[in-house]
Amino acid sequence: MQYRQDKRNGKQLSILGFGCMRFPANKAKTEQLLLKAVERGINYFDTAYLYPGSEEILGEVFEGHGLREKVNIATKLPQVAVDTPEDFDRFFEIQKRRLRTGYIDYYLLHNISDFGQWEKLCKLGIEKWIAAKKSSGEIKQIGFSYHGSFDDFEKLVDSYDWDFVQIQYNYINSNYQAGVDGLRKAAGKSLPVFIMEPLLGGKLANLPKDAIEVLHKAKPGSTAVSWAFNWLWNDPDITLLLSGMNENSQLDENLALAEAALPNSFSNAQLQTIQDIKDIFNRSFKVPCTGCNYCMPCPKKINIPACFAAYNESYALSFGAGIYAYMMSAGAMGEFPHYASDCVNCGKCAKQCPQRIEIPKQLKNVRRRLQLPGIKKIMPFASKLMARGK
Ligand code: SF4
Ligand code: SF4
């Protein structure tokens, strides 16, 4: 495992952090993955109040195996749910209890997407609250995870004495949200930068066929994940990247990559390969949805991320693959189907989308491309018939 220094506290952090948003359904498997990760040198684990069951299982495993002092736990305040000054303590106490710990190494304000959210928290007294928690040692480092514009990011970074930042960044998103300018801005203030969405919700692990050919030509046998991760680790301003690892094989591949990755090691030819993959990717993916689910639930029960995944597949793979995905996973199949055309344009979802996707507008495109005429009338009957035939 390679480590990079947190310039604010001098700690050595593993360049591969364990993203704990979703664990396997099997608890024993989760425990085995976490123990292996620690044994092989991962010392940064990123969870959140809003990740179902995640804080609890981390607390159980780390306390049960006496690992609390060996690892850094990062967790997040659900800042959108904070309405009163008392809410800061209310959430924080629950989190410490779930995590079975008296302190949090890296505490983040979750999913800041505009400067107004920080102003609201300031009015509720968050600066005083953070100062008290840092002075009692319950919070070691304070930061925020971010999905807004660069302008607001710059304002936010300059508005408070942060210890670190977490941004969405990958070779496709290098000029999106905080982007490369945000990365340099934070690094210029000696802030550690932690990266989320290094694979853009898994899309950079499943590149279109012609992109795979390009990277195999550049390095036979190399994987899409290796190019995405190594491009990030090539940048010395990046402290670590977060990856959710639900399978032993994923953990093994990522560990092998993190053992070999060095900053400033990419050649011009490798950078050109990334540019070539990027060009192909941008041509094939129409909606930059990462599948984060922040837009859900939709009051009309539309499975928004699945609609966009199907739409993108219809361009990246084939039209038929998109139709199939729309029918099977976007909810158009079944006795009570939900369609992109059910959208009533209430606007609730788009406000939550970190990618700033114009969801109702894009759902119209999904409908035009993937929703076969008359399907709304036919499907409920067809589904019943199919169910009877089973
Ligand atoms: S705008 Fe459409 S997709 Fe979004 S929450 Fe409202 S009904 Fe659902
Ligand atoms: S539409 Fe936006 S909020 Fe919804 S899953 Fe996609 S990226 Fe996330």
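Small disclaimer: the values here were computed from a predicted structure and weren't measured. (Residues numbered from 1 in each chain as written. Chains lettered and ligands numbered in written order. Predicted model: local features only at pLDDT ≥ 70, side-chain atom pairs only at ≥ 80, totals over all residues. Heavy atoms only, no water.)

Trainee: For this particular structure, what's the right way to read the overall build of the protein?
Mentor: Tallying secondary structure elements over the protein gives 16 helices and 10 strands in all. For the protein, the C-alpha radius of gyration of 22 Å lies close to 21 Å, the compact-globule estimate for 390 residues. Dimensions of the protein, computed from the C-alpha atoms along their principal axes, are close to 65 × 55 × 45 Å. Taking the contacts inside the protein whose residues are at least 6 apart along the sequence as the reference set, 76% of them involve residues at least 24 apart. Approximately 17500 Å² of the protein is accessible, and the part contributed by carbon and sulfur atoms is 53%. (Helix = DSSP H or I, 4+ residues; strand = E, 2+ residues; numbered from the N terminus. Rg over C-alpha atoms; globule rule 2.2 N^0.38 Å. Contact = heavy atoms within 4.5 Å. Areas by Shrake-Rupley, 256 points an atom, 1.4 Å probe, with all protein chains shown as cover.)

Trainee: Teacher, can you tell me more about the domain arrangement of the protein here?
Mentor: A common way to express how large an interface is: the accessible area buried when the components associate. Taken as a whole, the protein is organised into domain 1 (3-282) and domain 2 (304-389). Each of domain 1 and domain 2 was reduced to a C-alpha centroid, and the two centroids are 31 Å apart. Domain 1 puts 10 residues into the contact, and the matching count from domain 2 is 5 residues. Summed over both sides, the interface of domain 1 with domain 2 buries roughly 580 Å², with 36% coming from carbon and sulfur. The three residues of domain 1 that bury the most area against domain 2 are His147, Tyr176 and Pro208, which together make up 48% of that side's buried surface. Our enumeration of links across domain 1 and domain 2 arrives at 0 salt bridges. The tally of links between domain 1 and domain 2 comes to 1 residue pair in polar contact (both at pLDDT 80 or more). Class assignment of the residues belonging to the side of domain 1 that touches domain 2 gives a composition of 2 nonpolar, 7 polar and 1 charged. (Domains from an automatic or database assignment. Buried area = accessible area lost by both parts, 1.4 Å probe. Salt bridge = Lys/Arg side-chain N within 4 Å of Asp/Glu carboxyl O. Polar contact = N/O pair within 3.5 Å; in protein donor to acceptor, adjacent residues only side chain to side chain. Nonpolar A, V, L, I, M, F, W, Y, C, P; charged D, E, K, R; others polar.)

Trainee: Teacher, can you tell me more about the site of ligand 1 here?
Mentor: Taken together, Cys298, Pro299, Lys300, Ile304, Cys343, Val344, Asn345, Cys346, Gly347, Cys349, Pro360 and Leu363 make up all the residues around ligand 1. Of the residues in the shell around ligand 1, the class split is 9 nonpolar, 2 polar and 1 charged. (Near = heavy atom within 4 Å.)

Trainee: Sorry, what's going on with the site of ligand 2 here?
Mentor: Not every one of the 13 residues close to ligand 2 is listed here, only the nearest: Cys289, Cys292, Asn293, Cys295 and Cys353. The class makeup of the residues in the shell around ligand 2 is 9 nonpolar, 4 polar and no charged.

Trainee: Any chance you could explain the environment of Ala218 here in plain terms?
Mentor: Tracing the backbone shows Ala218 in helix H8 (residues 209-218). Each C-alpha atom of the pair Ala218 and Leu13 lies 31 Å from the other, and the pair is 205 residues apart in sequence. Those residues in contact with Ala218 that lie beyond four places of it in its chain are Trp227 and Thr273.

Trainee: When you look at helix H1 (residues 27-39) in this model, what are you seeing that I'm missing?
Mentor: The α-helix winds at 3.6 residues per turn, so residues separated by three or four positions along the chain end up facing the same way. Helix length check: H1 (13 residues) gives 18 Å between terminal C-alpha atoms against 18 Å at 1.5 Å per residue, within 8%. Regarding H1, the residues found buried are Thr30, Leu33, Leu34, Lys36, Ala37 and Val38. Tucked into the core, H1 has its buried residues touching strand S3 (16-19), strand S4 (44-46), helix H2 (54-64) and helix H10 (248-260). Of the residues one or two after H1, Gly41 is the one with positive phi, at around 105°. (Expected span 1.5 Å × (residues − 1). Buried < 20%, exposed > 50% of the residue type's maximum accessible area, 1.4 Å probe, protein only.)

Trainee: Please explain the packing of H2 against helix H3 (residues 86-99) as it appears in this structure.
Mentor: Two numbers describe a pair of packed helices, the interaxial angle and the distance between the axes. The geometry of H2 relative to H3 is characterised by a closest axis approach of 6 Å and an angle of 45° between their N-to-C directions. With respect to H3, the element H2 is oriented oblique. Facing Glu55, Glu56, Leu58 and Gly59 of H2, the residues of H3 in contact are Gln95, Arg98 and Leu99. Taken together, the residues of the contact of H2 with H3 sort by class into 2 nonpolar, 2 polar and 3 charged. (Axes fitted to C-alpha atoms, helices over the stretch in contact; angles between N-to-C directions. Parallel < 35°, antiparallel > 145°, perpendicular 65-115°, else oblique.)

Trainee: Even after reading the chapter, I still don't get the packing of aromatic side chains, so can you show me in this structure?
Mentor: The geometry of an aromatic ring pair is captured by two quantities: the separation of the ring centres and the angle between the planes. Here the structure, examined in full by the defined rule, presents 25 aromatic pairs. Over the face of the ring belonging to Phe91 we find Arg90, whose NZ or CZ atom lies 4.5 Å from the ring centre. (Phe/Tyr/Trp six-rings, centres within 6.5 Å; stacked < 30°, edge-to-face > 60°. Lys NZ or Arg CZ within 6 Å of the ring centre and 35° of its normal.)

Trainee: Would you mind going over the sheet that holds strand S8 (residues 164-168) with me for this structure?
Mentor: Each strand in a sheet pairs with its neighbour through backbone hydrogen bonds, running either in the same direction (parallel) or in the opposite one (antiparallel). The parallel closed barrel is built from 8 strands, whose spatial order is S3-S4-S5-S6-S7-S8-S9-S10. If you compare each strand with its neighbour and ignore which way they point, the axes differ by 30° on average. Of the strand pairs in this sheet, strand S5 (residues 72-77) and strand S6 (residues 104-112) are connected by 4 bridges, and their pairing is parallel. Within the sheet, the bridge partner assigned to Leu77 lies in S6 and is Leu109. (Pairing = 2+ DSSP bridges.)

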